[in-house]
Amino acid sequence: MSPALVRRAGAALALAAAVLAGPAAAAAAADEPGADERVRSYAVDLAVGADGSVGVRETLVYDFGDEGHHGLQRSIPVRGPHDASHDRLFPLSGLRVSSPSGAPARVSTEEDDGVLDVLVGDPDREDVRGQQTYVLEYRLGAVVDDVDDVDTPERQGERQGERGGQRVRVDVVGTGWRVPVERVEATLTAPGPLSALECSSGPPGSTDPCAVAPGEAPTTAVFSASDLGAGEGVTVGALLPPGTVTAPGPLLVGTFSPARAFTADALTLPASAAVLAAGAGAVLLSRRRRDGDGTATTAPPAAGAPPEGPQEGPPGALGALVHGGATGEDVVATLLDLAERGHLALDPQGEGGPGAADWRLERRAGADRTGPAEDRLLHTLFKDGPVTTLSALRSRSRAGVQLTQQLLDEEAVRRGWFRDRPSRLAHRRLGRALAGLALALALAVALLLWTRFALVGLALVAVALVVPFALRPRSPLTAQGLRARRAVEAFAAGLRRGADAPGAASAGGAALARHLPLAVALGATAQWAAAARALQASPEPVPRPAWYGGGRGAFDPAVFGGVIGIFSAEASGSLTAAPAAAPGTSSTSPAGSVGTGAGGGGGGSW
């Protein structure tokens with residue numbers, strides 16, 4: 001299908017929708033005006049009535065160019081902002097439209113959002129071209145206002161007691177026109193003499209003056225402007241003596257009032273208190289319901305017995321179980337467990353003692369299989385080769401370590417310890433909290449704008465802000481996970497007791513070295529090192545761990561315990577260190593400005 005045919009089909013569908021849906025849909029379906037479309041002349045006759053209304057007669061010559069159209073589209077404001085809590089109404093009546101040039105003048109109207117949309121033309125024809133003349137006649141009500149004091153050059157010489165009067169202000173050309181307007185002339189006629197004549201032209205809010213000339217009689221004035229661009233308008237105004245016409249005052253309709261919205265009475269105050277009480281009750285009920293999720297541990301082993309670690313899973317996953325999600329210490333515990341199982345070796349650089357400046361890590365071929373978290377950690381450590389140093393990891397390991405932590409959590413989920421990954425549960429909880437807050441804010445805004453129950457809205461927002469984070473969250477642990485955590489905590493208690501027990505030295509070093517990774521995961525490295533120092537009193541030599549290369553002389557378990565404690569702290573900081581960060585009005589329109597009068601609006605073709 002050719003592009004031209006596609007365009008014509010789209011235009012036909014848009015026109016059909018316009019005919020079926022009415023004038024508003026037709027206006028919405030109108031194309032952007034062509035480059036040669038414009039208003040050649042715009043003549044407006046304004047006649048102030050005795051009731052404070054203004055009769056309007058618009059005679060405009062619209063040039064449609066060479067492209068065919070249905071006719072003229074005109075939009076006339078009948079409601080606009082007045083102050084913070086009111087809109088002003090300008091009732092429109094007696095609309096009549098004709099076309100002296102013979103263009104189709106069928107009229108359809110629809111009011112939407114304070115604007116009367118007027119379509120002039122035939123929806124079944126699209127042959128309006130060239131220059132066409134249209135005459136629109138209508139009356140706008142409640143335009144004239146009583147003013148108490150007017151400080152203008154024309155009135156500075158008058159007696160103080162005669163200050164004030166009645167003001168009429170009309171947007172003869174609104175800022176809604178989508179095409180240029182070449183010439184504008186407006187004639188204002190009133191039942192009394194006109195003074196304080198004003199004329200402004202340009203974009204919305206402009207106070208640029210346009211031409212003003214008194215008419216042949218004191219009750220007439222003429223205003224003119226030229227070469228207006230699309231979106232520019234003309235506003236004219238004048239002052240009548242007090243009492244010239246019956247000015248009923250602005251016709252106002254309430255929109256929003258803070259005093260009304262925040263009414264405190266026998267209905268709104270109890271309703272607000274009920275919302276707050278419901279939120280507090282939800283928090284108390286949640287905390288009482290979660291009191292049964294305690295973590296009572298099993299009895300620790302007797303003093304003198306060597307601590308036996310749980311054999312239910314890898315140390316990093318067991319640490320995640322205790323911490324409610326894997327931490328940097330759990331990643332270090334995984335590293336030490338891999339070393340204990342023969343997948344890597346550690347060698348302190350320097351003297352091999354507690355003052356070592358760095359650590360050398362070497363990849364080895366372990367005999368057993370590794371899990372997803374362990375594979376990710378090994379890849380993070382040795383992606384550049386089989387040998388690395390701890391200091392080299394500070395600038396390139398953070399993303400891999402974070403993924404290792406996620407995989408440790410998933411290992412705990414796979415073993416049935418967590419209902420889901422704790423971080424995922426936390427994100428869901430935060431998402432629910434934010435969704436609740438958004439709903440509360442939407443309800444609060446609705447109550448603020450359209451009711452007197454804004455206090456209830458504030459209470460809803462307060463509850464949505466506080467309650468989701470005050471509720472005791474549901475534990476991510478399953479019943480099986482709770483049992484596993486109790487076993488791990490029992491091991492930690494045994495390790496603390498075993499460090500100072502009389503029989504700890506006779507237990508030998510093999511079990512203690514095997515329990516090192518879990519001790520790191522539990523944050524019990526200091527207690528483990530104390531137990532290692534106690535092995536100095538062992539009657540049998542303590543073998544050096546195969547994965548530890550520190551020193552070349554006799555193995556000293558006390559030095560080993562101190563060095564490994566330092567390594568655990570340094571490794572946790574290096575692996576989890578964040579990369580360095582890169583260096584790195586309201587306004588009011590003055591009196592008489594464009595867009596501050598009655599009428600106006602805009603238009604174009606359709």
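This text follows the structure it describes.
Since the model is a prediction, treat every value here as computed from it, not as a measurement.

Q: Help me understand the pairing of strand β13 (residues 195-202), please; the structure alone is not making it clear to me.
A: Each regular strand shows side chains that alternate between the opposite faces of the sheet. Summarising the sheet, β13 and strand β17 (residues 233-240) pair through 6 bridges and their orientation is antiparallel. Note on β17: the bridge partner recorded for G202 is G233. Pairing geometry for β13 and strand β14 (residues 208-209), over 2 bridges, is antiparallel. The residue bridging S201 from the neighbouring strand is D208, located in β14.

Q: Would you explain helix α10 (residues 454-470) in this entry?
A: Every α-helix winds through 3.6 residues per turn, so residues three or four apart in the chain are directed the same way. When the terminal C-alpha atoms of α10 are compared, their 24 Å separation across 17 residues agrees well with the 24 Å that a helix rising 1.5 Å per residue should span. Along α10, the largest kink reaches about 25° and is centred on A464; proline P468 follows within four residues of it. All of the buried residues along α10 are A454, V456, G457, A459, V461, V463, A464, V467 and A470.

Q: Looking at this structure, I do not really get the pairing of strand β15 (residues 211-214). What am I missing?
A: As paired elements, β15 and strand β16 (residues 220-228) share 4 bridges and run antiparallel to each other. Counted as the bridge partner of A211 is S224 from β16. Here β15 folds back onto β16 in antiparallel fashion, the turn holding 5 residues.

Q: What should I look at first to understand the packing of helix α6 (residues 328-340) against helix α7 (residues 372-382) in this one?
A: Each pair of packed helices gets described by two things: the angle between the helix axes and the distance between those axes. Where α6 meets α7, the closest approach of the two axes is 10 Å, and the angle between their N-to-C directions is 90°. Put simply, α6 runs roughly perpendicular to α7. Touching V331, T334, L335, D337 and L338 of α6 are E374, L377, L378 and L381, all from α7. Across the contact of α6 with α7, the residue classes tally to 6 nonpolar, 1 polar and 2 charged.

Q: What is the right way to look at the packing of α7 against helix α8 (residues 398-414) in this model?
A: Put simply, α7 and α8 touch, their axes get as near as 8 Å, and they point 170° apart. Compared by their axis directions, α7 and α8 come out roughly antiparallel. Here P372, A373, R376, L377 and T380 of α7 lie close against α8, whose contacting residues are G400, L403, T404, L407 and L408. By residue class, the composition of the contact of α7 with α8 is 6 nonpolar, 3 polar and 1 charged.

Q: Whenever I open this one, the environment of A426 confuses me. Can you help?
A: Residue placement: A426 occurs in helix α9 (residues 422-450). Residues A426 and P473 lie 47 residues apart in sequence; the distance between their C-alpha atoms is 8.9 Å.

Q: What's the story with the state of the cysteines in this structure? I'm lost.
A: A covalent bond between the sulfur atoms of two cysteines is referred to as a disulfide. Evaluated as defined, the whole model comprises 1 disulfide. One disulfide in the model links C199 with C210; its S-S distance is 1.8 Å. Judged by the sign of its S-S torsion, about -95°, the cystine formed by C199 and C210 is left-handed. Here C199 is found in strand β13, whereas its partner C210 is found in the loop between β14 and β15, with 11 residues between them in sequence.

Q: I would appreciate a short explanation of the pattern of salt bridges in the present structure.
A: Side chains that differ in charge, positive against negative, can pair when their charged atoms come close. A full pass over the atoms with the stated rule returns 19 salt bridges. In this structure, R40 and D63 form a salt bridge, with 2.8 Å as the shortest nitrogen-oxygen distance. Placement of R40 in strand β1 (residues 38-48) and of D63 in strand β2 (residues 54-63) is noted, with a sequence separation of 23 residues between them. R414 is paired through a salt bridge with E411; the nearest N and O atoms lie 2.6 Å apart. Of this pair, R414 and E411 both sit in helix α8, 3 residues apart, which is roughly one turn of that helix. One salt-bridge network, in which partners are shared between bridges, spans D337, R341, D368 and E374.

Cut-off values and rules
Residues numbered from 1 in each chain as written. Predicted model: local features only at pLDDT ≥ 70, side-chain atom pairs only at ≥ 80, totals over all residues. Heavy atoms only, no water. Pairing = 2+ DSSP bridges. Helix = DSSP H or I, 4+ residues; strand = E, 2+ residues; numbered from the N terminus. Expected span 1.5 Å × (residues − 1). Bend = angle between axes of the 7 residues up to and from the residue. Buried < 20%, exposed > 50% of the residue type's maximum accessible area, 1.4 Å probe, protein only. Axes fitted to C-alpha atoms, helices over the stretch in contact; angles between N-to-C directions. Parallel < 35°, antiparallel > 145°, perpendicular 65-115°, else oblique. Contact = heavy atoms within 4.5 Å. Nonpolar A, V, L, I, M, F, W, Y, C, P; charged D, E, K, R; others polar. Disulfide = S-S within 2.5 Å. Salt bridge = Lys/Arg side-chain N within 4 Å of Asp/Glu carboxyl O.

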